[in-house]
Amino acid sequence: MSQKWRQRWTITSPVVPTDEEEDIELVRVTQTSMLVCLPAEILVVIAKFLSVKDLLSCSATCVRLRAVFNDDFIWRRFCKPNVIKYLNIAKQNNEVEYNISSLTHNLDPICSKRMDYIKQNQLLSNWKNGKFVEHKVYSASGLYYMCLKSGIEIIYEDMYLFLYDFYAHNIVVWNIEDTPLRYTDIRLLYHNFFYEGLHYEIVGRKLVVFEVGKLIQIYDINLPDKILPLVGLILVDHEVPLDKIPDFNSPDDMYSVCYHRVIENKIYSHKIGKPVVHVWDVETCTKIRALMAPKEGTDFEILCAANNGNDLVLCLEINDAQRQFNPLGTVYEVLSYSFSRDFFKTIWTNKEGSSVVYIPFHAVLHEDTVILFCRLNNYFIEDTSLSKTVLVLYDYKWGVIIGEKAFPELVCHRQTKVVNNQLLLATAFCLYVLDLYTQDVVYSFKFDNGKIELLNVFDGNFIVTTPKSLLCVSKTKLKEVWDVRNRRRCMYITYVFTSPHTKDSVFVNQSFTKMIVVGKGTLGVLNFW
């Protein structure tokens, strides 16, 4: 063959793949076709195990996968019902552009649940980027003051905010849908002279008010009707007829030391020094039962409970005169109780023979793990090397202690949260993030601040910090909002209160669309939608 024809044959002849290249190409085609050719029912089951990122990646590969994964059943699990319900009816305050029609004009419309997830994700993005519309209201006459505890609900249907006016002794209902507007007032029975504030919270369609030591008032919420009638009165252990409002003869009787906890639709009340807890139904204002301590003791209180209220964790205080090492002659025992089985079980007790006494004061029940907080009773102890706080982890299912963790300073237990199997602990100047099971510190935030508050937004917690230097010397307070997950500051806001010593609180509504800052004379509402 001549050189000319040999060159022409080399150029025009097809490239013949080797056997190895042919096998690789066959595997690639086979794998792709196997996934695309699977029945839609199988692909939907596979989608249940995929993250949002994986679903979006698969949807971008071909038209069929996009059509199969464009299903409400798949995207529903990523949407939070309390958030979506509000976003679909609320007017959007922020001018946020997220037009996706230009990218999908040749494809089928996006399903409603995926569109809901896009709105929900945009709301979270507003939090992370500090995009909000702010409204402030200043009161020249009354003190709108409320020192809130973590997890307390005082907003009804994301629209009506319940605040306490100390001077008028009213609970004032504000409409915070747009600019805060004073909507109606609730006149309470007794003026709380010996307390800075009082405790109250919303339970379903009821407002439960713990006004004085042992008196519980229950009001029916008929909003938007402006009249909230009194429907129940409770004195710790017995119900009081509405036509026989009690007349306390002495301040000691009126302001007896009692503790109350609201869990789901039940009220748990007990009087200090009485080893019995009384359980009440909020809806019917009737007593369910009196829970007696399983052994003789001087006090009996609830530390925490499961969300459904069927399992309780309680602390029993016992006088033990035989323990000479204990100057106070007191030991503490933590018990679990199951309503369904009517059974007590000991979780933790003071160590036998030890002269150091730790007092259980708080607990968190997460799935099958009880996180018990114990503080050192250092009244008679001068050893500064001892840890002030000890965390005890108890496996509720197997009935064993799985670990302990000591902390040098007292933990702000009301700010404790468990997110994605991580325990968030707020102390005076630091936030620790611990692995729930190993108790190792994953990371921590340290600030030169005197106050840290946690906001649980989309399970990605935010920290609100108040600089220590401004706490007691100025009416102006600078608050900084930090994204815990991304460890960066999102925004900072400035508030002016009527007093330099004002106690203020920061909290969010159920749909995470608003952050509220309330203190003496000042009410601020930040709208993120």
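In the block above lies the structure referred to throughout.
Asks: Honestly, the overall build of the protein chain in this entry has me stumped. Any pointers?
Replies: Looking only at helices and strands, one finds nine helices and 33 strands in the protein chain. With the model as given, the accessible surface of the protein chain reaches about 27,200 Å², and the carbon-plus-sulfur share is 53%.

Asks: Is there a simple way to explain the sheet that holds strand β11 (residues 258-263) in this structure?
Replies: The strands making up a sheet associate through hydrogen bonds between their backbones, and the pairing can be parallel or antiparallel. The four strands are arranged β11-β12-β13-β14 in an open sheet whose pairing can be described as antiparallel. Here the strands that pair on one side only, and so sit at the sheet edges, are β11 and β14 (286-292). Looking at each pair of strands side by side, their axes are set apart by 20° on average, direction ignored. Pairing of strand β13 (residues 276-281) with β14 involves six bridges; the strand directions are antiparallel. What sits directly across from H278, in β14, is A290.

Asks: Before we go on, may I ask you to explain the packing of aromatic side chains in this structure?
Replies: Think of a pair of aromatic rings as described by two things: how far the centres are apart, and how the planes are tilted against each other in angle. Overall, the coordinates contain 13 aromatic pairs when judged by the stated rule. Here Y337 and F344 contribute two aromatic rings whose centre-to-centre distance is 4.6 Å and whose plane-to-plane angle is 40°, an arrangement assigned as tilted. Among the residues examined, Y337 registers a relative accessible area of 0% and is labelled buried. Cluster of aromatic residues (ring-pair linked, three or more members): W127, F132, F462 and F528. Looking at K226, its charged tip hangs above the ring of Y183, at a distance of 4.9 Å from the centre.

Asks: Help me out: how do you make sense of helix α4 (residues 52-59) in this one?
Replies: Residues spaced three or four apart along an α-helix face the same direction, because each turn holds 3.6 residues. Three or more residues of α4 are buried, namely V52, L55 and S59. Viewed end-on, α4 has its buried residues packed into an arc of 65°, placing them on one side of the element. Those residues of α4 that are buried are in contact with α3 (40-47), α5 (63-69), α6 (72-75) and α8 (112-129).

Asks: What should I look at first to understand the environment of A47 in this one?
Replies: Of note, A47 is situated in helix α3. Taking the C-alpha atoms as reference points, A47 and W75, separated by 28 residues in sequence, lie 9.4 Å from one another. Each residue touching A47, except ones within four places of it in the same chain, is listed here: L55, F69, I74 and R77.

Asks: Just checking my understanding: could you explain the pairing of strand β3 (residues 160-165) for this structure?
Replies: Along any regular strand, the residues point their side chains to alternate faces of the sheet. Within β3, six of the six residues are buried, which leaves the element mostly enclosed by the surrounding structure. Of the two faces of β3, both are covered, the one formed by Y160, F162 and Y164 as well as the one formed by L161, L163 and D165. Of the strand pairs in this sheet, strand β2 (residues 155-156) and β3 are connected by two bridges, and their pairing is antiparallel. The residue of β3 that forms the bridge with Y156 is Y160. With antiparallel pairing between neighbouring strands as the criterion, β2 and β3 make up a hairpin whose turn holds three residues, including E157 at a positive phi of roughly 55°. Bridge count for β3 against strand β4 (residues 170-175) is six bridges, and the pairing is antiparallel. Residue D165 lies in a different strand from β4, and its bridge partner there is N170.

Asks: Hey, could you run me through a nonpolar patch on the surface in this one?
Replies: A grouping of W398, V400, I402 and Y437 is seen on the molecular surface, where their side chains present a nonpolar patch of about 430 Å² in accessible area. Position of V400 relative to the elements: it lies in strand β22 (residues 400-407).

Asks: It is not clear to me how the pattern of salt bridges should be interpreted in this structure. Could you clarify?
Replies: Side-chain pairing between opposite charges can occur once the charged atoms of the two side chains come close. With the rule as written, the count across this model stands at nine salt bridges. Between R289 and D342 there is a salt bridge, with the nearest N and O atoms lying 3.9 Å from each other. Within this pair, whereas R289 is found in strand β14, its partner D342 is found in the loop between β17 (330-338) and β18 (343-349), the two being separated by 53 residues in sequence. Residue classification places R289 among the partly exposed positions, given a relative accessible area of 28%. As a salt-bridge pair, D504 and K479 come within 2.6 Å of each other at their nearest N and O atoms. Pair noted here: D504 is in the loop between β30 (488-496) and β31 (505-508) and K479 is in strand β29 (residues 476-483), with a separation of 25 residues, a long-range link. Across this residue pair, the class does not change: D504 and K479 are buried.

Asks: What should I look at first to understand the sheet that holds β4 in this one?
Replies: Overall, antiparallel pairing links the four strands, which are arranged β2-β3-β4-β5 in an open sheet. Pairing within the sheet leaves two strands with one partner each, and these edge strands are β2 and β5 (181-187).

Asks: I tried to follow the layout of surface pockets on my own but got confused; where do I start?
Replies: Where empty space is left can be seen by rolling a probe of water-molecule size over the atoms. The calculated volume of the second largest pocket comes to roughly 380 Å³. Residue lining of the second largest pocket: 19 residues in total, with K80, Q120, L124, F458 and R485 positioned closest to the centre. Sorting elements by how many residues they give to the lining of the second largest pocket places α8 first, with five residues. When the residues that make up the lining of the second largest pocket are grouped by side-chain class, the tally is eight nonpolar, five polar and six charged.

Asks: Looking at this model, I keep getting lost on α8. Mind explaining?
Replies: With 18 residues, α8 should reach 26 Å at 1.5 Å per residue; the first-to-last C-alpha distance of 26 Å fits that figure. Taken as a whole, α8 has its buried residues at R114, D116, Y117, Q120, Q122, L123, L124, N126 and W127. G130 occupies a position one or two residues after α8 and carries a positive phi of about 65°.

Asks: Help me understand the pairing of strand β33 (residues 522-527) in this model?
Replies: With respect to burial, β33 is a largely interior element, six of its six residues being buried. Pairing analysis gives six bridges linking strand β1 (residues 133-138) to β33, with the strands arranged antiparallel. Note that in β33 the partner of E134 across the bridge is L526.

So, how was this worked out
- Residues numbered from 1 in each chain as written.
- Predicted model: local features only at pLDDT ≥ 70, side-chain atom pairs only at ≥ 80, totals over all residues.
- Heavy atoms only, no water.
- Helix = DSSP H or I, 4+ residues; strand = E, 2+ residues; numbered from the N terminus.
- Areas by Shrake-Rupley, 256 points an atom, 1.4 Å probe, with all protein chains shown as cover.
- Pairing = 2+ DSSP bridges.
- Axes fitted to C-alpha atoms, helices over the stretch in contact; angles between N-to-C directions.
- Phe/Tyr/Trp six-rings, centres within 6.5 Å; stacked < 30°, edge-to-face > 60°.
- Buried < 20%, exposed > 50% of the residue type's maximum accessible area, 1.4 Å probe, protein only.
- Lys NZ or Arg CZ within 6 Å of the ring centre and 35° of its normal.
- Arc of directions from axis to C-beta.
- Contact = heavy atoms within 4.5 Å.
- Patch = residues over 30% accessible without salt bridge, like charges linked within 9 Å, V, L, I, M, F, W, Y side chains within 5 Å.
- Salt bridge = Lys/Arg side-chain N within 4 Å of Asp/Glu carboxyl O.
- 1 Å grid on protein atoms, 1.4 Å probe; cavity = no way out; pocket = protein on both sides within 12 Å on 5 of 7 lines; lining within 4 Å.
- Points joined across faces, edges and corners; volume = space filled by probe spheres on them.
- Nonpolar A, V, L, I, M, F, W, Y, C, P; charged D, E, K, R; others polar.
- Expected span 1.5 Å × (residues − 1).

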